[in-house]
Each structure stands twice: as structure tokens, then as C-alpha cells.
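What the coordinates show
Below are the chains, spelled out letter by letter.
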Amino acid sequence: MAKDLPVIRFRGACKSYPMAGETVQALRGVDVDIHAGEFVAIMGPSGSGKSTLMHIAGLLDSLSGGRYELEGEDVSAISRRNRADIRNRKIGFIFQSFNLLSRCSAVENVELPMLYHRPAIADWRERAMQALRSVGMESRAAHLPTQLSGGQQQRVAIARALVNRPALILADEPTGNLDSRTGREIMELLESLNTEGITLILVTHDPEVGQAAHRRIRLRDGMIEADEVN
Amino acid sequence: MHIWWTIVRLAVRALMAYKVRSLLTMLGIIIGIGSVIVMISVGRGANASIQDQIHSLGANMLMIFSGTVKSGGVQSGYGTKPTLTIGDAEAIARDCPAVLRVSHATIQPEQIVAGKKNWGARVYGTTDTYAVVRDWPLRSGEFLNEQQVRSAANVVVLGSAVHENLFEPGEEVVGQTIRIKNAPFRIIGVLQPKGRTPSGQDQDDAVFIPHTTMERKIAGGRLPGLVHFILVSAQTGELVAQAKREAEELLRQRHRIAPGAEDDFTVRTLDEFADMAGKTTDIMTYLLTAVAAISLLVGGIGIMNIMLVSVTERTREIGIRMALGAREGDVLIQFLVEAMVISIAGGIIGTLLGITAAKVIAQLAGWMAIISLDSILMATIFSAMVGIFFGFYPARKAAGLDPIQALRHE
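Residues numbered from 1 in each chain as written. Chains lettered and ligands numbered in written order. Predicted model: local features only at pLDDT ≥ 70, side-chain atom pairs only at ≥ 80, totals over all residues. Heavy atoms only, no water.

1. Digging into the overall build of chain B
Short version of the rule: Here a strand is any run of E in DSSP of at least two residues, a helix any run of H or I of at least four, and the numbering for each starts at the N terminus. Computation of the radius of gyration draws on C-alpha atoms, with the globule rule given as 2.2 Å multiplied by the number of residues to the power 0.38. Here the term buried applies to any residue with accessible area under 20% of the maximum for its type, exposed to any over 50%, and partly exposed to those in between, with areas from a 1.4 Å probe on protein chains only. Two residues qualify as a contact provided that any one of their heavy atoms is within 4.5 Å of a heavy atom in the partner residue. Here the Shrake-Rupley method, with its probe set to 1.4 Å, supplies the accessible areas, and only the displayed protein chains count as covering residues.
For chain B, the helix and strand inventory stands at 13 helices and 12 strands. Relative to the compact-globule value of 22 Å for 410 residues, chain B shows a C-alpha radius of gyration of 33 Å, a clear excess of over 25%. Relative to its full complement of 410 residues, chain B shows a buried share of 49%. Restricting to contacts in chain B with at least 6 residues of sequence separation, those with at least 24 account for 77%. When the accessible area of chain B is evaluated, it comes to approximately 19600 Å², of which 61% is carbon and sulfur surface.

And the structure:
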């Protein structure tokens with residue numbers, strides 16, 4: 001990967017979808033570049049299109065117009081199956097409600113992305129433990145999510161996002177379900193990951209969380225309202 | 001390798017989370033597979049014991065019955081119109097080269113008296129060759145001999161059931177005297193037990209006297225020279241069919257049956273009996289197969305129903321897996337494996353219950369249950385197929401979910 005090539009490049013990104021008989025314009029021409037190692041907060045009121053942008057950046061959804069390049073590769077019109085494979089290899093998701101599988105232990109949850117990795121990963125168990133160690137959850141590997149606190153669950157989720165060594169991590173309101181002290185701890189963990197070189201994009205409407213990012217992109221009505229660097 | 005193991009383990013865990021529900025879902029498969037196993041093993045056991053019974057009737061044997069009475073369209077069973085004679089039997093013995101031995105008999109139910117006890121049994125007036133043709137060994141004493149038949153001696157051979165009912169168990173009775181229609185008969189032998197015929201008649205509940213004695217002292221002048229049936233043993237197993245043809249040809253000549261006219265007698269080989277019995281059990285097998293197929297269908301629909309519920313309940317889980325990179329095919333396989341785990345587990349439980357039930361039924365019915373590996377294998381493969389077939393639609397539905405919608409699902 002050439003140094004100057006952005007991890008994410010949107011050009012004229014548009015997304016519309018039908019809702020209750022009307023067409024909703026969620027994104028109306030977004031141009032943005034995000035480079036490797038950046039820590040970006042996408043902010044804006046609800047309905048501004050930030051969730052849509054995040055879903056498209058995470059290849060959970062596709063654009064209706066414009067162009068999306070991920071690590072220099074045009075992924076605007078690839079198949080559902082290829083999107084799944086790229087999600088698996090290049091993107092780590094962190095959700096507001098953690099989204100751990102309740103019947104699986106912490107380490108099994110971390111193993112999950114490797115289950116879908118092709119080709120199969122040989123040292124999957126060690127890698128899962130290593131990821132848990134990097135978030136300080138090694139001692140809780142055998143616990144079920146219900147036996148863990150919210151902050152601990154989010155740490156396991158972060159380990160899960162890291163385990164396939166993705167190009168970027170997408171975090172959707174990662175502290176939204178946590179008390180402020182635990183939320184700060186999670187933010188510190190995310191910041192330290194960014195310091196180690198991981199590209200981090202987080203979606204939030206919490207100004208305090210946004211303050212931690214190095215760059216803030218504000219969306220309004222599906223367009224970029226402001227793009228500011230700290 | 002570990003991927004498949006993980007998928008199966010997760011499927012088992014998902015099902016163990018709802019034990020009662022999973023068990024109820026399996027019930028249709030359990031009943032279906034169980035009845036298939038019962039049907040096959042009991043059916044085969046029944047068939048084998050019927051075949052055994054038929055072949056115990058005698059070695060390389062043919063049975064000839066006289067024709068039937070037809071009056072006003074009503075056709076009675078074999079032997080209702082006596083047409084066979086002792087002369088016919090002797091002619092078959094003399095003129096048919098494929099025939100080894102011939103015997104014949106008339107049967108009459110009589111009360112048999114021994115001391116203070118009495119017992120009703122069938123009295124056979126027959127020839128000295130009867131025991132050989134029937135391949136029927138004696139427990140003690142001897143069977144009728146030629147001299148006794150020729151001289152119409154008052155001698156009798158007892159079936160084992162008659163011995164049981166008139167004497168103490170193990171009592172030596174050869175030389176003792178019993179009375180039939182007030183005439184004294186000296187016991188010269190007791191036969192080994194032979195069991196029931198395929199039609200359920202107890203073959204041991206009979207006594208055997210010379211046909212000459214029967215005609216003169218028991219039958220009282222009825223049916224002179226006529227017999228109820230003729231038994232023929234062929235020279236070898238290969239000559240059974242030929243013996244049948246020869247006997248039929250000879251009897252048509254002797255009975256002056258015009259070409260094209262209907263025979264007034266019937267010749268049956270044991271193989272024909274076996275075939276007829278086989279056909280009856282075949283029909284039973286088809287019926288039970290239909291029942292089993294229907295219960296497997298119902299069981300399969302039950303699985304489909306529960307899997308659809310499961311897909312709805314676990315929509316969010318599906319969304320998470322997709323976000324983490326599960327392809328449509330991965331989700332499809334996960335739910336297919338779950339459906340198959342349910343149906344195969346049901347199949348295994350059904351097989352075990354079926355084997356138990358088959359053994360119990362066989363015990364009660366007095367034959368053996370034949371449990372073969374192929375029926376178990378077939379049951380397992382069949383239940384897996386039910387799982388794949390009925391699990392496919394729910395799995396397809398799960399795989400087709402939109403990841404964003406699925407992640408939003410509560």
C-alpha cells in the first residue's frame with residue numbers, strides 16, 4: 001500500500017432508500033479521505049446520515065451513487081459475498097450494545113471472526129488469547145458475557161474487532177451504554193490502539209467523546225458540514 | 001477441521017439451550033424412525049419365522065388338495081368337494097418319476113380317551129410314509145409301518161400336544177392303550193413337537209392311525225377310498241417343479257378333465273406358500289412404510305417450524321455473524337447443521353427406541369426381531385435427509401437476512 005493512498009476514499013457518495021413509500025436521501029454527495037493511522041470522529045444529529053456512512057464504510061451496505069475505495073480498491077459495486085470477506089479481513093466493528101453472542105464464552109466470541117476467515121487460521125486459539133491479553137481480559141477468557149460487566153464486555157468486543165488484524169476499526173457509539181468512568185477507560189483503550197497505528201473511526205453524538213478524536217467530521221442532512229482537525 | 005467441529009458444537013449448544021423444545025421437535029422424527037426400525041425388524045423377523053414354519057412342513061414337499069364346491073357363485077375352501085382318492089395317490093407314487101414318496105390322509109376330529117382323561121384332537125388316517133414325507137422325527141417308539149396299514153391294525157402315534165394333555169409329562173406311553181370311538185388303540189410312538197402351521201393350526205394336536213383302520217372303524221363308511229389331501233415329496237429340491245407338473249398331468253388324466261377345463265384339485269409347492277406369505281408381509285411392510293413416511297414428513301415440518309422460530313429469535317446473532325464476516329453460505333450451513341443435529345439426534349433416539357420396541361414385540365409374538373445394520377444406517381441417512389430438506393427453507397431465510405436490519409433487531 002502506497003503511503004499516500006487513503007484507507008478510505010469517498011467520492012460523491014450518495015445513498016437513498018425507500019421508506020414508507022418515499023425515497024429518503026441519507027447521503028447526498030460525500031467526499032472524504034481517511035488515511036492510515038487517523039483517529040476520526042463522525043458526528044452529527046440523528047438523521048444526519050452518520051450511521052449510513054458508517055454502514056457503508058463497514059461494507060454492511062452499498063452506495064446508490066458515487067464511489068467508495070477501501071485501501072485503494074474500488075468496492076462500490078462488489079458482491080455480497082466479497083463484502084463479507086472484506087469485512088472479515090479489513091474491518092473490525094465495535095457496537096454500542098457490545099453484540100457478543102450470549103451463549104459463547106469471551107474467548108469463543110473473540111474466535112468468531114477467525115471462524116469465517118479464509119484461509120483458515122492455524123493458531124486461532126493463541127491469537128484469541130493474545131487479543132484478549134491486549135485488552136486486559138485474559139483472566140476472563142472462559143466467562144460468559146452475562147458474567148461480565150459492561151466495560152468488560154466492550155473490552156471483549158474490542159479484542160474481537162482486533163483479532164483478524166483489520167485495516168480499520170469502526171466503532172458505533174462505543175461508550176453509549178457505559179457509565180462515564182468506564183466510558184473513559186474504553187476511550188483510553190481505543191486511543192492506545194490508535195497510538196499503536198490502528199486507523200480508528202468512531203460515530204458519536206457525544207461531544208466529549210468526539211473531543212478525544214484527532215479529526216471530527218460533522219454531517220448534516222447527508223452532507224459534510226465541517227471537517228476539522230485538532 | 002476445527003471449523004466443522006466448532007459449527008457442530010455451537011449447533012448442539014444452541015439446541016441444548018432449549019432442551020424441552022428441541023426434544024419436542026425431535027418427537028416426530030423419533031416416532032418416524034422408531035416405527036421404521038420396528039417395522040423392518042419385526043417384519044423381517046415375522047417373515048423369517050413364517051418361512052421357517054413353511055419349510056418345516058416337509059422336505060421338497062408338494063401338497064395336493066381336492067377341488068372346491070361351487071354352488072350359486074359361492075366358492076368354498078380347499079377340500080370341501082372330495083375328489084382325490086387313494087388310487088390317485090398310488091398312481092402318483094407309481095407313475096411320476098420325479099416323485100420320491102407319497103402319503104395321503106383323511107382327517108376327522110374325535111374324542112380320545114386315556115384312563116379317566118379325555119381330549120379332543122384331529123385323527124389322521126394316513127400311510128406309513130407320512131412321517132418321512134413330513135420330515136417329522138419321533139420322540140419315542142416308532143411310526144406306523146406298512147404291515148400295520150395293510151392289516152388295519154389298531155395302533156396309534158400321538159402328537160406331542162395330545163401326549164401332554166392325556167398323560168403326565170415325560171411319562172413313557174408306548175405300549176399303553178387309548179380309546180378312539182370306543183375302539184382300543186395301542187400307542188406305538190410319540191412325535192417330536194412341530195409347532196404351528198403358518199395358518200395357526202397346532203400340528204402337534206393330532207393322532208395318526210392307519211388309513212385302513214380309519215376307514216373301517218372310525219369313519220363309519222363315509223368317504224370310502226377318498227382322501228382329504230395327498231402329500232408328495234420330490235426326489236430332490238430341483239425336481240419339485242417337475243414333480244408338480246407330473247402330478248398335475250396325471251391327475252387331469254385320471255379325473256378325465258378336458259383340455260381347457262378347470263382342475264378339480266390344486267397342487268401347491270412350499271415355495272408357493274412361502275411366496276404367498278411373503279406377499280402378505282410385503283403388503284404390511286408397504287402400509288407401515290407409508291405410516292413411517294407420513295410421521296417423518298410431520299416430524300420434518302415440525303423441524304422446519306422450530307427452525308423458523310429459531311431464525312427469528314436469533315436474527316441479531318445472524319446480524320453479528322454477518323458483520324464479523326460470515327458469508328451467506330456460512331449462515332446457511334450453520335442453520336442446516338442445527339436442523340441436521342436435531343433430526344439425526346431424533347433418528348438415533350428413534351433407532352434405540354425402535355430396537356427396544358421391536359425386541360419387546362418379537363418377545364411377545366414369539367419370533368425373533370431381525371435388527372440389521374442396513375436398517376439402522378438407512379434410518380440415520382434418512383433422518384439426516386429430513387433435516388437437510390426441511391432445514392433448508394429456514395436456513396435460506398436466515399442467510400438472506402440484511403445485516404443492518406438483523407443488527408437492529410431486538
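So, next bit.
2. A short note on the sheet that holds strand β10 (residues 223-229) of chain A
All names here are of chain A. Worth spelling out the cut-off: A pair of strands is labelled paired if DSSP reports no fewer than 2 bridges between them. Note on geometry: axes are C-alpha line fits, over the in-contact stretch for helices, and angles between N-to-C directions span 0 to 180 degrees.
Taken in spatial order, the six strands line up as β6-β7-β8-β3-β9-β10 in an open sheet, and their pairing is mixed. Lying at the two open borders of the sheet, with one neighbouring strand each, are β6 (91-94) and β10. Each strand axis lies, on average, 20 degrees off the axis of its neighbour in the sheet, ignoring direction. Here four bridges tie strand β3 (residues 39-43) to strand β9 (residues 215-220), and the two strands are oriented parallel to one another. For I42, the partnering residue across the bridge sits in β9 and is I217. In the packing of helix α2 (residues 80-90) onto the sheet, contacts are made with β6 and β7 (168-172), and the angle to β6 comes to roughly 80 degrees.

3. What to know about helix α8 (residues 240-254) of chain B
Test applied: By this rule the span expected of a helix is its residue count minus one, scaled by 1.5 Å.
Here α8(B) spans 21 Å end to end across 15 residues, near enough to the 21 Å set by a 1.5 Å rise per residue. Within two residues after α8(B), B:R256 carries a phi angle of roughly 50 degrees, on the positive side.

4. Observations regarding a nonpolar patch on the surface
To be explicit about the condition: The patch calculation keeps residues exceeding 30% relative accessible area without a salt bridge and links them within 9 Å when they carry like charges or within 5 Å when they are nonpolar (Val, Leu, Ile, Met, Phe, Trp, Tyr). Salt-bridge detection follows one rule: a side-chain nitrogen of Lys or Arg within 4 Å of a carboxyl oxygen of Asp or Glu.
On the surface, B:W5, B:V8, B:V12 and B:M16 cluster together into a nonpolar patch covering about 380 Å² of accessible area. Among the secondary structure elements, B:V8 is positioned in helix α1 (residues 2-16).

5. Details of the domain arrangement of chain B
Quick note on the threshold: Boundary definitions for the domains trace back to an automatic or database domain assignment.
Taken as a whole, chain B is organised into domain 1 (2-52 + 275-408) and domain 2 (82-263). Placing the centre of domain 1 of chain B and that of domain 2 of chain B at their C-alpha centroids yields a distance of 56 Å.

6. Some words on the nonpolar core
What counts here: Working definition of a nonpolar core: buried Ala, Val, Leu, Ile, Met, Phe, Trp, Tyr and Cys residues. They are joined through side-chain atoms within 4.5 Å.
Grouped together as the largest cluster of nonpolar side chains are 72 residues, with contacts concentrated most on A:I8, A:F10, A:Y68, A:L70 and A:L168. Among the elements that line this core, the one with the most residues is helix α11 (residues 328-365) of chain B, at nine residues. Sequence-distant contacts of A:Y68, that is, excluding residues within four places in its chain, are made with A:I8, A:R9, A:F10, A:I56, A:A57, A:L59, A:L63, A:E73, A:D74, A:V75 and A:S76. If you look at the next biggest cluster of nonpolar residues, it comprises 38 residues, including A:F39, A:M137, A:A141 and A:L193.

7. Some remarks on the sheet that holds strand β4 (residues 65-70) of chain A
Residues and elements named next belong to chain A. In spatial order, the strands read β2-β1-β4-β5; together these four strands make up an open sheet with antiparallel pairing. The open sheet has two edge strands with one neighbour each: β2 (22-34) and β5 (73-74). Judged from the 10 bridges that link them, strand β1 (residues 8-19) and β2 form a sheet pairing that is antiparallel. When the bridges of β2 are listed, K15 appears paired with L27. Along the sheet, helix α1 (residues 50-57) contacts β1, β2 and β4; its crossing angle with β1, the most-contacted strand, is approximately 115 degrees.

8. Let's talk about the packing of aromatic side chains
Residue and element names in this part refer to chain B. Which entries qualify depends on this criterion: When the centres of two rings from Phe, Tyr and Trp lie within 6.5 Å, Trp using its six-membered ring, the rings pair. Their planes under 30 degrees apart give stacked, over 60 give edge-to-face, and anything left gives tilted.
Scanning all chains against the criterion turns up nine aromatic pairs over all chains. Between Y130 and F208, the aromatic rings sit 5.2 Å apart at their centres with planes inclined by 35 degrees, giving tilted as the arrangement. Note that Y130 is positioned in helix α4 (residues 130-133) and F208 in strand β10 (residues 206-210), a separation of 78 residues in sequence. Neither residue differs from the other here; Y130 and F208 are each classed as buried. Both rings, one in W136 and one in F208, keep their centres 5.7 Å apart while their planes meet at 80 degrees; by these two values the pair is edge-to-face. Highlighted residues: W136 in the loop between α4 and β6 (138-141) and F208 in strand β10, separated in sequence by 72 residues. Following the ring pairs from residue to residue traces out a cluster consisting of Y124, Y130, W136, F143, F208 and F229.

9. What about the side chain of B:E338?
For clarity, the threshold we go by: N or O atoms within 3.5 Å of each other form a polar contact, as long as, within protein, one can give a hydrogen and the other can take it, and as long as residues adjacent in sequence are counted only when both atoms are side-chain atoms.
With respect to the helices and strands, the residue B:E338 is situated in helix α11. Reaching out from B:E338, the side chain makes a polar contact with the side chain of B:R314 at a distance of 2.7 Å.

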